[in-house]
Amino acid sequence: MKLRLTVGALALAAVLAGTLWGQDDDFPVGPFRMYATSAKPTGTVRIAELWGVRPDGTRVLLQAHDVGLRRAELEGQLPRFRKDPSLLAALATPAYVEIRLEERERRIVDRRVQPHQKRILVASWHR
Amino acid sequence: MASVTAEPMVQRVLWLRRLVYAFVWVDVLVLTPWVRDHGHVPRDLYRPLLLERVLHLPAPTPRLVGVVLVALLASSAVAAVGRAPRLAGVAVFALYLEWMFIAFSYGKVDHDRFTFLVALAVLPTVDHLRRDTAVFAVRAVQVAAVLTYLLSVYAKHRFGGGLETWLDSTTLLRAVVRRGTFIGDVLAHQPWMLHVAQYLVVGMEMASPLLLVPGRVGKAMLAAVVAFHLATFATVTILFLPHVVCLTAFLPLEKIELGPFRMRRRGATVPEGVV
């Protein structure tokens, strides 16, 4: 029982330290930061979308299963894709001549969601 | 042959073990099929976590993911039926942790696994003839569940620019805009409700240690927590299911009477294979 309590105390110390100073990188003892960031009553919501363009120009919204990455993972690596769009080539399949990583933007003004939305290109890769 | 006592806490651990190890199958095969896809994701997009770098774990490949998947399912099946609980349990813990590394090394870490990992870590330590080891395991899972709520309040303070700022922010509104259901969409048109919900969420999280209080108070708190998880699922389709499975550690699972799993009379000792 002494060993159990010692290991338990160490695990507790690790998770407390992770909460105080850690990052996601420290999984499984990183901070519990789900939805922990703040957003102002007026601002923009950005949602990453990955599009495949067929040779005839039709656009197909790619799902997580098509490329092996979830939306949150695309968003987590967004700065990398922006800096080096050729990374998108890794997500291409022969069916598409172009892969476009876009952000759908939705405005919120004083807690009111605005009806219009626009799409902004983050990075693209052409075959 | 190993024996077990009919001591309630030991019986609760036996049920917890069945639930947790059976849930590994549901998790891997049904809830998070995307983890398997990571074997095919190009290595350029692999961002190993601290422990993976320290332990020099290999980058996921289709073969590695396949081997871990089969070994994890096999060991959790063995552990779920109570065979070789130590060996199988330790194997499940190690393999599930590796499965989590495969899952979370591509730019996004989920935060609903802590309690489940604690459960996988403590279940193999239970000696069926010793009540104190069962009590330790159940309490460890319960405390881990409470910590998940309680420490997430501090995370809101730390990452949200102060707790007061978070409370009056539009975090839930944005979550609903990003991944709302039809219920979430209705709430998006009543932003004051989502604003109030942020106060309720923090209130619930701060009150979460009440889960550890025996009797009515603990039960009421458990109901509040379950309501929170249901509301989260209804509005943004997020269900922290591995964590929710562990909440069963707060239930008197030992009272379950089900055919071959029927509880033995207090103090009686029965062979493990019969339970």
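The coordinates are above.
Quick look at the structure, then. Small disclaimer: the values here were computed from a predicted structure and weren't measured.

Considering empty space enclosed by the protein
Then, in step 1: Considering all chains together, one arrives at two cavities of 30 Å³ or more under this definition.
Then, in step 2: What the largest cavity holds in volume is close to 90 Å³.
Then, in step 3: What lines the largest cavity is Asp24(A), Phe27(A), Pro28(A), Val29(A), Gly30(A), Pro31(A), Phe32(A), Val109(B), Asp110(B), His111(B), Arg113(B) and Phe114(B).
Then, in step 4: Split into classes, the residues belonging to the lining of the largest cavity amount to seven nonpolar, two polar and three charged.
Then, in step 5: Along the walls of the second largest cavity sit Arg111(A), Ser169(B), Thr170(B), Leu172(B), Leu173(B), Pro191(B), Leu194(B), His195(B) and Gln198(B), which together make up its complete lining.
Then, in step 6: For the lining of the second largest cavity, the secondary-structure elements that each account for two or more residues are helix 9 (171-179) and helix 11 (191-207) of chain B.
Then, in step 7: When residues in the lining of the second largest cavity are grouped by element, the largest group, four residues, is from helix 11 of chain B.
Then, in step 8: In terms of residue class, the lining of the second largest cavity is built from four nonpolar, four polar and one charged.

Points about the interface of chain A and chain B
Often, the extent of an interface is quoted as the loss of accessible area on bringing the components together.
Then, in step 1: Counting residues at the interface gives 55 residues for chain A, matched by 61 residues for chain B.
Then, in step 2: Carbon and sulfur atoms supply 62% of the area buried between chain A and chain B, which totals about 5200 Å² over both sides.
Then, in step 3: The largest per-residue losses of area from chain A upon contact with chain B belong to Phe27(A), Tyr35(A) and Arg111(A), which jointly make up 16% of the total buried on that side.
Then, in step 4: Counting across the chain A and chain B interface gives three salt bridges.

Structural notes on the packing of aromatic side chains
In this description, a pair of aromatic rings is defined by centroid distance and the angle of the planes.
Then, in step 1: Applying the stated criterion across every chain yields a total of six aromatic pairs over all chains.
Then, in step 2: On the basis of an interplanar angle of 80° and a centroid distance of 6.2 Å, the ring pair of Phe27(A) and Phe101(B) is categorised as edge-to-face. Taken together, the residues Phe27(A) in the loop between helix 1 (2-21) and strand 1 (43-53) and Phe101(B) in helix 5 (residues 85-104) connect one chain to another. Taken as a pair, Phe27(A) and Phe101(B) share a single burial class, namely buried.
Then, in step 3: Arranged with centres 5.5 Å apart and planes meeting at 75°, the rings of Phe32(A) and Phe114(B) form a pair that is edge-to-face. Taken as a pair, Phe32(A) in the loop between helix 1 and strand 1 and Phe114(B) in helix 6 (residues 114-122) lie in two separate chains rather than in one.
Then, in step 4: The class for Phe32(A) is buried, based on a relative accessible area of 3%.
Then, in step 5: Taken together, Phe27(A), Phe101(B) and Phe104(B) form an aromatic cluster joined through their ring pairs.
Then, in step 6: Over the ring of Phe159(B) we find Arg33(A), and its NZ or CZ is 4.1 Å from the ring centre.

Thoughts on the packing of helix 1 (residues 8-31) of chain B against helix 7 (residues 131-159) of chain B
All names here are of chain B.
Then, in step 1: Between helix 1 and helix 7, whose axes approach to 8 Å, the crossing angle comes to 55°. Taken together, the axes of helix 1 and helix 7 are oblique relative to one another. The way helix 1 lies across helix 7 gives a crossing that is left-handed. Seen from helix 1, the contacting residues are Met9, Val10, Arg12, Val13 and Leu16; seen from helix 7, they are Arg131, Ala134, Val135, Ala137, Val138, Arg139, Val141 and Gln142.
Then, in step 2: Grouping the constituent residues of the contact of helix 1 with helix 7 by class yields nine nonpolar, one polar and three charged.

Notes on the environment of Ala155(B)
Then, in step 1: For Ala155(B), the location among the structural elements is in helix 7.
Then, in step 2: We classify Ala155(B) as buried; its relative accessible area is 0%.
Then, in step 3: Each residue touching Ala155(B), except ones within four places of it in the same chain, is listed here: Phe32(A), Arg33(A), Ala36(A) and Gly160(B).

Focus: the nonpolar core
Then, in step 1: By size, the foremost hydrophobic cluster in this structure holds 73 residues, and its most contacted members are Phe27(A), Val20(B), Leu72(B), Tyr96(B), Trp99(B), Phe104(B) and Phe116(B).
Then, in step 2: At 11 residues, the largest contribution of residues to this core is made by helix 5 of chain B.
Then, in step 3: In contact with Trp99(B), not counting residues within four places along its chain, are Val28(B), Val35(B), Arg36(B), Val65(B), Val68(B), Leu69(B) and Leu72(B).

Focus: the pairing of strand 4 (residues 112-126) of chain A
All names here are of chain A.
Then, in step 1: As paired elements, strand 3 (residues 98-109) and strand 4 share 11 bridges and run antiparallel to each other. Considered in strand 4, the bridge of glutamate 105 is made with lysine 118.
Then, in step 2: Where strand 3 folds back on strand 4, the antiparallel hairpin that results is connected by two residues, among which aspartate 110 adopts a positive phi of roughly 50°.

Comments concerning the layout of surface pockets
Then, in step 1: In this structure, the second largest pocket occupies an estimated 800 Å³ of space.
Then, in step 2: Forming the boundary of the second largest pocket are 26 residues, of which Val7(A), Gly8(A), Ala11(A), Val118(B) and Val122(B) lie nearest the centre.
Then, in step 3: Sorting the residues of the lining of the second largest pocket by element identifies helix 1 of chain A together with helix 5, helix 6 and helix 7 of chain B as the ones contributing at least two each.
Then, in step 4: Counting residues per element, the lining of the second largest pocket draws most heavily on helix 1 of chain A, at nine residues.

Some words on unusual backbone geometry
Of all residues except glycine, most have a negative phi; of all peptide bonds, most are trans.
Then, in step 1: A cis geometry characterises the amide bond from Phe27(A) onward to Pro28(A), with omega recorded as 10°.
Then, in step 2: Checked against the element boundaries, Pro28(A) lands in the loop between helix 1 and strand 1.
Then, in step 3: Backbone geometry at Arg111(A) places phi at a positive 70°, although glycine is not the residue there.
Then, in step 4: Tracing the chain through its elements places Arg111(A) in the loop between strand 3 and strand 4.
Then, in step 5: The backbone phi angle of Thr237(B) is positive, close to 50°, even though this residue is not glycine.
Then, in step 6: When you line up the elements, Thr237(B) lands in the loop between helix 12 (216-236) and helix 13 (241-246).

Conventions used here
Residues numbered from 1 in each chain as written. Chains lettered and ligands numbered in written order. Predicted model: local features only at pLDDT ≥ 70, side-chain atom pairs only at ≥ 80, totals over all residues. Heavy atoms only, no water. 1 Å grid on protein atoms, 1.4 Å probe; cavity = no way out; pocket = protein on both sides within 12 Å on 5 of 7 lines; lining within 4 Å. Points joined across faces, edges and corners; volume = space filled by probe spheres on them. Nonpolar A, V, L, I, M, F, W, Y, C, P; charged D, E, K, R; others polar. Helix = DSSP H or I, 4+ residues; strand = E, 2+ residues; numbered from the N terminus. Contact = heavy atoms within 4.5 Å. Buried area = accessible area lost by both parts, 1.4 Å probe. Salt bridge = Lys/Arg side-chain N within 4 Å of Asp/Glu carboxyl O. Phe/Tyr/Trp six-rings, centres within 6.5 Å; stacked < 30°, edge-to-face > 60°. Buried < 20%, exposed > 50% of the residue type's maximum accessible area, 1.4 Å probe, protein only. Lys NZ or Arg CZ within 6 Å of the ring centre and 35° of its normal. Axes fitted to C-alpha atoms, helices over the stretch in contact; angles between N-to-C directions. Parallel < 35°, antiparallel > 145°, perpendicular 65-115°, else oblique. Left-handed = near helix turned anticlockwise from the far one by under 90°. Core = buried A, V, L, I, M, F, W, Y, C linked by side-chain atoms within 4.5 Å. Pairing = 2+ DSSP bridges.

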